[in-house]
Amino acid sequence: MQFPSFELLGQSLLSGLFIGGLYGLLGLGLSLSWGMLKQINLAHFALSFFGAYLTYQLSVSFGIDPLVTLVIIAPGFFVVGMAMHWVFARFKVTPFNSLLVTFGITVVIESVIQWVWTADYRKLESHYADIKFKVGLMYIPLPELLTLLISVALALATWAVLRYTSVGKAMRAMSENPKMAAAFGVNEPMLALLLSGAASAFAGVAGACLALSFTLAPSQIYAWVGVVFSAVMIGGLGNPLGPLVAGIVIGMSEAATMAITAPAWAPLVSFSLLILVLLLRPGKI
């Protein structure tokens with residue numbers, strides 16, 4: 001165990017805040033599909049990485065700003081999400097089977113990524129990476145700041161839509177009791193398609209943020225699964241703000257652990273927090 005300086009600890013916690021925002025962004029779509037559609041969509045992570053590679057390719061080949069690529073990627077992923085849900089509904093895929101099916105889709109997407117872009121590491125060199133702000137003794141990289149702002153904005157917007165709009169209220173009623181909601185005129189199939197499309201679009205947005213800050217490799221898809229699953233379950237299924245809050249707590253806890261002890265201990269944080277939640281508040285999940 002080591003005791004870092006105030007500056008090092010502060011910078012570490014700030015980095016944990018930013019990575020926690022990315023955890024929340026990656027978990028947003030998964031939380032909605034799992035909590036409201038009862039689909040454990042492992043393909044959400046593969047779609048995020050596919051979106052990251054598309055952002056990389058569009059920026060490198062056509063000179064498109066990484067954030068502008070979302071104008072193309074987000075609508076495309078929305079359609080993909082709707083198509084996936086249509087298939088699941090058509091064949092009446094159960095929650096457990098959705099886990100198996102989407103794992104297979106993840107393997108397929110990983111193979112496609114490796115076939116097109118190979119297994120070599122890819123790094124998007126954008127003008128955002130050269131911009132850093134200094135606040136006191138701390139440095140704030142623009143890509144990480146943008147990721148946090150996008151994550152907060154999407155989580156708040158989704159929460160507001162679900163809470164205050166008629167469409168959002170209908171979606172919540174559908175997730176609670178589909179048959180009763182249908183009896184009151186809720187178009188459950190259409191709302192489910194829209195919700196699934198939105199979840200996949202969020203995966204595309206998360207992919208663009210991944211490309212801004214991280215080096216990409218196909219095998220890294222699985223490295224994010226455990227910690228994001230923990231953030232989703234700790235935050236509460238179907239709760240748009242939950243994964244963001246839980247992700248920030250996990251990210252900052254990991255950062256403090258790495259600063260005080262060693263990086264090898266960081267992966268224990270998310271699962272330790274998850275175990276505590278399961279033991280102390282078993283009805284939360």
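The structure displayed is predicted, hence computed values, not measured ones. (Residues numbered from 1 in each chain as written. Predicted model: local features only at pLDDT ≥ 70, side-chain atom pairs only at ≥ 80, totals over all residues. Heavy atoms only, no water.)

So, the overall build of the protein chain
Assigned secondary structure in the protein chain consists of 11 helices and two strands. Mapped from its N terminus to its C terminus, the protein chain presents α and β elements in the order α-α-α-α-β-β-α-α-α-α-α-α-α. The C-alpha radius of gyration of the protein chain comes to 19 Å, within 12% of the 19 Å expected for a compact globule of 285 residues. Seen through its principal axes, the protein chain has C-alpha atoms that stretch 60 × 50 × 35 Å. Here the protein chain, with 285 residues, has 48% of them falling under the buried criterion. Sequence-distant contacts, at least 24 apart, represent 77% of the contacts inside the protein chain between residues at least 6 apart. When the accessible surface of the protein chain is split by element, carbon and sulfur atoms take 71% of a total near 13,800 Å². Where the 13 positive side-chain charges of the protein chain centre and where its 10 negative ones centre are 16 Å apart. (Helix = DSSP H or I, 4+ residues; strand = E, 2+ residues; numbered from the N terminus. Rg over C-alpha atoms; globule rule 2.2 N^0.38 Å. Buried < 20%, exposed > 50% of the residue type's maximum accessible area, 1.4 Å probe, protein only. Contact = heavy atoms within 4.5 Å. Areas by Shrake-Rupley, 256 points an atom, 1.4 Å probe, with all protein chains shown as cover. Lys, Arg positive; Asp, Glu negative; His and termini not counted. Charge placed at Lys NZ, Arg CZ, Asp CG, Glu CD.)

Comments concerning the nonpolar core
Core analysis: the biggest nonpolar cluster contains 49 residues, and Phe-45, Phe-49, Trp-224 and Val-228 have the highest contact counts within it. Of all elements in the fold, only helix H1 (6-37), helix H2 (43-62), helix H3 (70-90), helix H4 (95-117), helix H8 (188-213), helix H9 (225-235), helix H10 (241-260) and helix H11 (267-280) reach the threshold of two or more residues within this core. The leading source of residues in this core is H2, at nine residues. Setting aside residues no more than four positions away along its own chain, Val-228 makes contact with Tyr-23, Leu-26, Gly-27 and Phe-45. The next biggest cluster of nonpolar side chains, apart from the first, holds 14 residues, and it includes Met-36, Met-174, Ala-181 and Leu-195. (Core = buried A, V, L, I, M, F, W, Y, C linked by side-chain atoms within 4.5 Å.)

Observations regarding the packing of helix H5 (residues 142-164) against H8
Orientation of H5 relative to H8, taken along the N-to-C sense of each, is 165°, at an axis distance of 9 Å. Considered as vectors, H5 and H8 are oriented roughly antiparallel to each other. Relative to H8, H5 is oriented so that their crossing is left-handed. Judged by residue contacts, Pro-143, Glu-144, Thr-147, Ile-150, Leu-154 and Thr-158 of H5 engage Phe-202, Val-205, Cys-209, Leu-212 and Ser-213 from H8. (Axes fitted to C-alpha atoms, helices over the stretch in contact; angles between N-to-C directions. Parallel < 35°, antiparallel > 145°, perpendicular 65-115°, else oblique. Left-handed = near helix turned anticlockwise from the far one by under 90°.)

Side note on the packing of aromatic side chains
Tallied over the entire structure, the rule returns eight aromatic pairs. Measuring from ring centre to ring centre gives 6.3 Å for Phe-50 and Phe-77, while their planes differ by 15°; the resulting arrangement is stacked. One end of the pair, Phe-50, is in helix H2; the other, Phe-77, is in helix H3, with 27 residues separating them in the sequence. A relative accessible area of 25% places Phe-50 in the partly exposed class. (Phe/Tyr/Trp six-rings, centres within 6.5 Å; stacked < 30°, edge-to-face > 60°.)

Structural notes on the environment of Leu-268
Tracing the backbone shows Leu-268 in helix H11. C-alpha separation for the pair Leu-268 and Ile-73, spaced 195 residues apart in sequence, amounts to 34 Å.

Some thoughts on a nonpolar patch on the surface
A surface patch of nonpolar side chains, amounting to about 430 Å² of accessible area, comprises Val-108, Val-112, Trp-115 and Val-116. Examined against the element boundaries, Val-116 turns out to sit in helix H4. When its relative accessible area of 45% is taken as the criterion, Val-116 is described as partly exposed. (Patch = residues over 30% accessible without salt bridge, like charges linked within 9 Å, V, L, I, M, F, W, Y side chains within 5 Å. Salt bridge = Lys/Arg side-chain N within 4 Å of Asp/Glu carboxyl O.)

A word on the packing of H5 against H10
The description of two packed helices rests on the angle between their axes and on the distance between the axes. As a packed pair, H5 and H10 sit with axes 8 Å apart at the nearest point and diverge in direction by 150°. The segment H5 lies against H10, with Leu-148, Ser-151, Val-152, Ala-155, Leu-156 and Trp-159 engaging Leu-241, Leu-244 and Ile-248. Split by residue class, the contact of H5 with H10 holds eight nonpolar, one polar and no charged. (Nonpolar A, V, L, I, M, F, W, Y, C, P; charged D, E, K, R; others polar.)

Section: helix H6 (residues 166-176)
An α-helical segment advances 3.6 residues per turn. Residues three or four places apart therefore align on the same side. By the burial criterion, the buried members of H6 are Gly-168, Ala-170, Met-171, Met-174 and Ser-175. Buried positions in H6, seen along its axis, are confined to an arc of 160° and lie on one side of it. What points out from H6, more than 90 degrees from its buried face, is the exposed set Ser-166 and Glu-176. Against the buried residues of H6 lie H1, H5, helix H7 (178-183) and H8. (Arc of directions from axis to C-beta.)

Observations concerning the pairing of strand S2 (residues 138-141)
Burial along S2 is one-sided: the residues Met-138 and Ile-140 are buried and none of Tyr-139 and Pro-141 is. Bridge count for strand S1 (residues 132-135) against S2 is four bridges, and the pairing is antiparallel. Across the sheet, residue Val-135 finds its bridge partner in S2, namely Met-138. A loop of two residues connects S1 with S2, the two strands running antiparallel in sequence, and Gly-136 in this loop sits at a positive phi of about 65°. (Pairing = 2+ DSSP bridges.)

Thoughts on the side chain of Ser-12
By the element assignment, Ser-12 lies in helix H1. Residue Ser-12 is classed as buried on the basis of its relative accessible area, which comes to 15%.

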